[in-house]
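# Residue-level structural notes
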Amino acid sequence: MHDSMKRLHEVSGVNRKNAIAKQLDVSPSTVTNWSTRGVSKEGAIAAADIYNTDANYILNGDESRKPIGLT
């Protein structure tokens, strides 16, 4: 699984791809592609809005942008 997808699971608190797809209003196949290729910029921005986090953390693992409360 791509590191950005691991971070998306972390910030969402959801482990199921279908649940993330539904929350982000994308197809399950899109989330499956993210698992292999990495979360898209548009997907990270949408997730940042929904999960109240920073898109840079999802995309790049920028620890300075890591949401408070995640360890």
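Note: the structure precedes this text.
What you see is a predicted model, and the numbers here were worked out from it, not measured in a lab.

With the rule as written, the count across this model stands at one salt bridge. Close ionic contact of lysine 6 with aspartate 3 constitutes a salt bridge, the shortest N to O distance being 3.8 Å. With a gap of three residues between them, lysine 6 and aspartate 3 both fall in helix H1 (residues 3–12), about one helical turn apart. Since its relative accessible area comes to 45%, aspartate 3 is described here as partly exposed.

Any two packed helices are characterised by the angle at which their axes cross and by the distance between the axes. Interaxial distance between helix H2 (residues 17–24) and helix H3 (residues 28–37) falls to 8 Å at its minimum, and their mutual angle equals 115 degrees. Read as a crossing pair, H2 and H3 show a hand that is right-handed. On H3, the residues touching Lys17, Asn18, Ile20, Ala21 and Leu24 of H2 are Pro28, Val31, Thr32, Trp34 and Ser35. Per-class residue counts for the contact of H2 with H3 are six nonpolar, three polar and one charged.

Reading guide: rules and limits
Residues numbered from 1 in each chain as written. Predicted model: local features only at pLDDT ≥ 70, side-chain atom pairs only at ≥ 80, totals over all residues. Heavy atoms only, no water. Salt bridge = Lys/Arg side-chain N within 4 Å of Asp/Glu carboxyl O. Helix = DSSP H or I, 4+ residues; strand = E, 2+ residues; numbered from the N terminus. Buried < 20%, exposed > 50% of the residue type's maximum accessible area, 1.4 Å probe, protein only. Axes fitted to C-alpha atoms, helices over the stretch in contact; angles between N-to-C directions. Left-handed = near helix turned anticlockwise from the far one by under 90°. Contact = heavy atoms within 4.5 Å. Nonpolar A, V, L, I, M, F, W, Y, C, P; charged D, E, K, R; others polar.

No statement about biological role is implied by the geometric values presented.
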